Amino acid sequence: MRQLCKGNVAVIKGAILAGCRAYYGYPITPASEIAESAALLLPQVGGTFLQAESEVAAINMVYGASAAGVRVMSGSSGPGLSLMQEGISYLAGAELPCVIVDVMRGGPGLGNIAPEQGDYFAMVKGGGHGNYRNIVVAPASVQELAELTMLAFELADKYRNPAVVLCDGFVGQMVEPVDLEEREAVVPEKPWAVEGTAATRKNLVTSIYLESDELEGHQRQMEAKYALAAREEPRHELYQAEDAEVLLVGYGIVSRVLRSAVEKARQEGLRAGLFRPITLWPFPGRALVAAAARAKRVLVVELSNGQMLEDVRLALDGRVPVEFYSRVGGNVPTTEEVHTRFASRVQAAA
Amino acid sequence: MSEESMVAVAEIGAAQDDFELLHAKSPVFYPVYERKSQLKQQTHYCPGCGHGIVHKLVAEAIEDLSLQDRTILVSPVGCAVFAYYYFDVGNVQVAHGRAPAAATGLARACPGRVVISYQGDGDLAAIGTAEIVHAANRGEKICVIFVNNAIYGMTGGQMAPTTLVGQKSTTSPWGRRPANEGYPIRMCELLATLEAPAYIERVALCDNKNIMKARRAIRKALEIQRDGGGFAFVEVLSPCPTIWGLDAVAARNWVAEKMVPAFPLNVFRDRKPGPLPGGGPEPRSVAEVLEIEARTADDSSKIQHASHSFQTLTVKVAGSGGQGALLLGQLLTEMGLREGLEVSWLPSYGPEMRSGSAHCHVCLSKERIGSPLISHPDVLIAMNEISLRKFSPQVAPHGLILYNHEQLPEHFAPPEARIVCIPASEIADKLGSTKAANMVLLGALLEETGCLGADTALRVLDEKVKKIELRNTNREALEAGRQFVDKEVWTGAETQPDGFAG
């Protein structure tokens, strides 16, 4: 049944349906409702919720729970994610699966609590120390916050790696209908987990490899799984892109604005289309190249100073001119603003 | 010679079978340290180091209490980072200082298991101060072994939080000066101020008598875990001959002569372990908790597909905090959902809410909704003058503004939109609750635009408002809003008797 749900609440609903039974976190606007719903709902389904003393502690509690083999998560916003980066690096190094939600707010520093997409580099490119990747999904609706949280759990377990649900304050705070059905959560066997049992007594969870060759081997094995993910996991959505001369590229809340801008443009006879990455790592670069095949221009719109822009440029590799439109500080461009931006250029070019 | 070296020698000796084995190595230790890259017969600890003794005491306690198959050892950053080389139990290696947090996650995921957090002084009392204090304060069911040797050993002799006053280190080259570095921190005393811990004791590896005391303390801490758990903390004053620049015997004496006076040996807490007060909720099914009961015939009857005059209708509701602007938006959204529309509701959030103004965007559409952010609303419901002034310029041409007052304010340049002034707060006051002003405005909106059905409003109100008196007031307010528009606003007019000054 379709029910109204706040984005942040949908995260926990999706997580519970995915079999997550442990949440460790610390409150922060605009992500607090994630912790609040976890506190309310998880204990009712036999799960654990704990408000940690800091995000540093929270992510290490996640590390402990994940080492024991349970599906576990945390959620926060930029400043909290900065504090978690150490733990995320350890999780990746120890090959522990978990899900972390970042409801992005304005930065750097304390910034503000309004929506921004300035954490792209920190979450998609790394942020913590060492050679590792996060799997990153980018929901654009409340329904997707639930669904992509579920997907994040699956991918985290499949690749034994942290998976990040990256959204912005608007997606976390908005209310939309969600349609969720109970389903059997399929949690894979985790023979590596340390459960304090005879069967798991010989198991060791660690990220330390003192010998250079050993650590290199460990990293090569991680690279191999990242290569597999890069082949198998990119996801994207197209809207009116088939014959688009101007291809708009944006994720999360921006993609919603761009969708409206495409509609407006089409009404005026402008051939605009939308490419929306659903996974940010792995970035759907090949699909983007295909979608931009007929485009004369690509316009990237972000609530950042041009972070995903770099991945778009890398993927397109000079095939199509790439332009960039940015709003930051908590400003979200309106449909008209985006429309004006590219429509005037189209007319000027014509 | 350290205990481990003796053990290693004993192993080799046993293999050669040329002397009688008096004391076999505990089976909780691996016979050969395969996880160690070199010299797999001996430990990486220096001769005379306290870690070897503590390892042995822990391993023997695990063995004697039959906990080997129930134990998870969390190893820290510091010299004991490689504890997993030796202990044949479940092992988890963690980040510097974070062992109590990781142990919390482990202990809660594995109830009934024995989780040991083994930490040094830099790990526990400097970088991990927050984690240990809060794990203790929550009474986590973990056993903490805190090896205090007053120095950073692994990194080569830097100052520890427990370095003694005057003690030289590579980062306190003139000796620890309280004026610059403060005093050595006494963790047992600090943690003993908390209510939750079950057991806190400080022991010292300065002589055999005290080593036997340490043995008893460690066993007790593990017994507490075996018997249902509680936070148990054993601080072990421990020699570090290599960094201290002393031989093994002199180092032991240094523990007795220098460390014990600064860190008094004592049992700081010893209470019967048991659960702390407070229980959890009764478990329910996932479907119940998430309110996603299996689809029934009743569900489809909840959605009533009405015919709507609009393709997409966007509404901005704005007012002061407490006026119910956000709730009004939510009700509209719920109503749209009930009438089979696509809907979205986007609030202002955070400090803006707390500083006294609140607004939200409602989008009702027959199609998938693009941007939930409305730049030019079809309808503005302005619940106060500030909102009217701030947002009316955004209203779409030929849109509608509902203003909560009997007339427009002075010096207000009305935009190109139809404006209806309605003293909603006054009307609500007369009905007994100023808070129902939002319902008056909802009634007015429905009557004025016919965008959604009044019967849908009544059904949603009845479901969402649990208090009967409040429900009746809301129904009356909704009706009053409708009647006001019906009677006092000349439908279809460009102006409203007392309001529109354009």
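Note that the coordinates shown come from a computational prediction; the quantities given were computed from them, not determined experimentally. (Residues numbered from 1 in each chain as written. Chains lettered and ligands numbered in written order. Predicted model: local features only at pLDDT ≥ 70, side-chain atom pairs only at ≥ 80, totals over all residues. Heavy atoms only, no water.)

*Asks:* Would you explain the overall build of chain A in this entry?
*Replies:* Of regular secondary structure, chain A possesses twelve helices and 15 strands. Counting every position in chain A, which comprises 350 residues, the buried fraction comes to 65%. Of the contacts made within chain A by residues no fewer than 6 positions apart, 79% connect residues no fewer than 24 positions apart. For chain A, the computed accessible surface area is about 12000 Å², with 50% contributed by carbon and sulfur atoms. Averaging the positions of the 33 positive and the 41 negative side-chain charges in chain A gives two centres separated by 5 Å. (Helix = DSSP H or I, 4+ residues; strand = E, 2+ residues; numbered from the N terminus. Buried < 20%, exposed > 50% of the residue type's maximum accessible area, 1.4 Å probe, protein only. Contact = heavy atoms within 4.5 Å. Areas by Shrake-Rupley, 256 points an atom, 1.4 Å probe, with all protein chains shown as cover. Lys, Arg positive; Asp, Glu negative; His and termini not counted. Charge placed at Lys NZ, Arg CZ, Asp CG, Glu CD.)

*Asks:* Would you take a moment to explain the side chain of Glu448(B) for this structure?
*Replies:* Mapped onto the elements of the fold, Glu448(B) is located in helix 17 (residues 437–449). The residues contacting Glu448(B), other than those within four sequence positions of it, are Leu400(B), Arg418(B), Val420(B), Val485(B) and Val489(B).

*Asks:* Explain helix 8 (residues 208–226) of chain B here, please?
*Replies:* Helical periodicity: at 3.6 residues per turn, an α-helix aligns residues three or four positions apart in one direction. All names here are of chain B. Between its first and last C-alpha, helix 8 extends 27 Å over 19 residues, near the 27 Å set by a 1.5 Å rise per residue. The set of residues buried in helix 8 consists of Asn210, Ile211, Ala214, Ala217, Ile218, Arg219, Ala221, Leu222, Ile224 and Gln225. Those residues of helix 8 hidden inside the fold are in contact with helix 2 (50–64), strand 3 (114–120), strand 4 (143–148), strand 5 (199–204), strand 6 (232–237) and helix 10 (248–262). Looking one or two residues past helix 8, Gly228 carries a phi angle of roughly 115°, positive in sign. (Expected span 1.5 Å × (residues − 1).)

*Asks:* What exactly am I supposed to notice about the sheet that holds strand 7 (residues 162–168) of chain A here?
*Replies:* Each strand in a sheet pairs with its neighbour through backbone hydrogen bonds, running either in the same direction (parallel) or in the opposite one (antiparallel). Residue and element names in this part refer to chain A. Spatial ordering of the open sheet is given by 3-2-4-5-7-6-13, a layout of seven strands whose pairing is mixed. Sheet topology places strand 3 (48–51) and strand 13 (279–281) at the edges, where each strand pairs with a single neighbour. Sheet twist, expressed as the average angle between the axes of neighbouring strands with direction ignored, equals 20°. Across three bridges, the pairing between strand 6 (residues 135–137) and strand 7 is parallel. Along strand 7, the bridge assignment pairs Val137 with Val165. This element, helix 4 (residues 78–93), spans strand 4 (72–76), strand 5 (98–104) and strand 7 of the sheet and lies at about 160° to strand 5. (Pairing = 2+ DSSP bridges. Axes fitted to C-alpha atoms, helices over the stretch in contact; angles between N-to-C directions.)

*Asks:* Would you explain the packing of helix 13 (residues 325–338) of chain B against helix 18 (residues 454–464) of chain B in this entry?
*Replies:* To characterise two packed helices, one gives the angle between the axes of the helices and the distance between these axes. Residue and element names in this part refer to chain B. As a packed pair, helix 13 and helix 18 sit with axes 9 Å apart at the nearest point and diverge in direction by 115°. Pair helix 13 / helix 18 crosses with right-handed handedness. Together, Leu331, Glu334, Met335 and Arg338 of helix 13 and Thr456, Ala457, Arg459, Val460, Leu461, Glu463 and Lys464 of helix 18 make up the contact between the two elements. Of the residues in the contact of helix 13 with helix 18, the class split is five nonpolar, one polar and five charged. (Left-handed = near helix turned anticlockwise from the far one by under 90°. Nonpolar A, V, L, I, M, F, W, Y, C, P; charged D, E, K, R; others polar.)

*Asks:* Explain helix 11 (residues 308–316) of chain A to me, please; I cannot follow it from the model alone.
*Replies:* Residues and elements named next belong to chain A. Every buried residue of helix 11 is accounted for by Met308, Leu309, Asp311, Val312, Ala315 and Leu316. On an axial view of helix 11, the arc spanned by its buried residues comes to 160°, and they lie on one face. Remark: Asp317 follows helix 11 within two positions and exhibits a positive phi of approximately 50°. (Arc of directions from axis to C-beta.)

*Asks:* When you look at the domain arrangement of chain B in this model, what are you seeing that I'm missing?
*Replies:* Often the size quoted for an interface is simply the accessible area lost on bringing the parts together. Domain boundaries in chain B define domain 1 (3–270) and domain 2 (304–488). Distance from the C-alpha centre of domain 1 of chain B to the C-alpha centre of domain 2 of chain B: 64 Å. (Domains from an automatic or database assignment.)

*Asks:* Can you help me understand the state of the cysteines in this one?
*Replies:* All names here are of chain B. Applying the stated criterion to the full structure yields zero disulfides over all chains. Free cysteine: Cys143, not disulfide-bonded; nearest cysteine sulfur from Cys188 at 13 Å. Residue Cys363 stays outside any disulfide, its sulfur separated by 12 Å from that of Cys360, the closest cysteine. (Disulfide = S-S within 2.5 Å.)

*Asks:* For this particular structure, what's the right way to read the interface of chain B and chain A?
*Replies:* Facing the 71 residues of chain B at the interface are 71 residues of chain A. Carbon and sulfur atoms make up 60% of the surface buried where chain B meets chain A, a total of about 6000 Å² over both sides. Among the residues of chain B in contact with chain A, Leu290(B), Tyr349(B) and Arg368(B) are the three that bury the most area, contributing 12% of the side total. Put simply, chain B and chain A have seven salt bridges between them. Its salt-bridge partner being Lys202(A), residue Asp88(B) comes within 2.8 Å of it at the nearest N-O pair. One can count 25 residue pairs in polar contact (both at pLDDT 80 or more) joining chain B with chain A. Elements with a minimum of two residues in the side of chain B that touches chain A: strand 1 (71–75), strand 2 (90–93), helix 3 (99–109), helix 5 (129–137), helix 11 (286–289), helix 13, strand 9 (342–347) and helix 14 (351–354) of chain B. By residue number, the principal contributor to the side of chain B that touches chain A is helix 3 of chain B, which donates seven residues. Per-class residue counts for the side of chain B that touches chain A are 34 nonpolar, 18 polar and 19 charged. Looking at chain direction, strand 9 (residues 204–205) of chain A and strand 2 of chain B are connected through two bridges and run parallel. Bridged to Val205(A) within strand 2 of chain B is Val92(B). (Buried area = accessible area lost by both parts, 1.4 Å probe. Salt bridge = Lys/Arg side-chain N within 4 Å of Asp/Glu carboxyl O. Polar contact = N/O pair within 3.5 Å; in protein donor to acceptor, adjacent residues only side chain to side chain.)

*Asks:* How should the packing of aromatic side chains be read in this particular structure?
*Replies:* How two aromatic rings sit relative to each other is set out by the distance from centre to centre and by the angle between their planes. Considering all chains together, one arrives at 13 aromatic pairs over all chains under this definition. Ring geometry for Phe231(B) and Phe233(B): centres 6.3 Å apart, planes at 20°, overall stacked. Taking relative accessible area as the criterion, Phe231(B) reaches 0% and is therefore assigned buried. Among the aromatic residues, those joined into a cluster by ring pairs are Tyr33(B), Tyr45(B), Phe82(B), Tyr84(B), Tyr85(B) and Tyr86(B). In this structure, Arg259(A) is placed above the aromatic ring of Tyr239(A), and the distance from its NZ or CZ to the ring centre is 3.9 Å. (Phe/Tyr/Trp six-rings, centres within 6.5 Å; stacked < 30°, edge-to-face > 60°. Lys NZ or Arg CZ within 6 Å of the ring centre and 35° of its normal.)

*Asks:* Is there a simple way to explain the environment of Val165(A) in this structure?
*Replies:* With respect to the element layout, Val165(A) can be found in strand 7. For the pair formed by Val165(A) and Gly109(A), sequence separation is 56 residues and the distance between their alpha carbons is 21 Å.

*Asks:* Would you mind going over the sheet that holds strand 11 (residues 246–249) of chain A with me for this structure?
*Replies:* All names here are of chain A. Ordered by their spatial adjacency, five strands build an open sheet running 10-12-11-14-15, and the pairing between neighbours is mixed. Each edge of the sheet is formed by a strand with only one pairing partner; in this case those strands are strand 10 (236–239) and strand 15 (322–326). Ignoring strand direction, the axes of neighbouring strands in this sheet form an average angle of 20°. Judged from the five bridges that link them, strand 14 (residues 297–302) and strand 15 form a sheet pairing that is parallel. Counterpart to Val300 in the pairing with strand 15 is Phe324.

*Asks:* Would you explain the packing of helix 2 of chain B against helix 8 of chain B in this entry?
*Replies:* All names here are of chain B. Axis separation between helix 2 and helix 8 bottoms out at 9 Å; the angle between their running directions is 45°. Judged by the angle between their axes, helix 2 and helix 8 are oblique. The interaxial crossing formed by helix 2 with helix 8 has right-handed handedness. Between helix 2 and helix 8, the contacting residues are Ile53, Val54, Leu57, Val58, Glu60, Ala61, Ile62 and Asp64 on the first element and Ile211, Ala214, Arg215, Ile218, Arg219 and Leu222 on the second. Class assignment for the residues of the contact of helix 2 with helix 8 results in ten nonpolar, no polar and four charged. (Parallel < 35°, antiparallel > 145°, perpendicular 65-115°, else oblique.)

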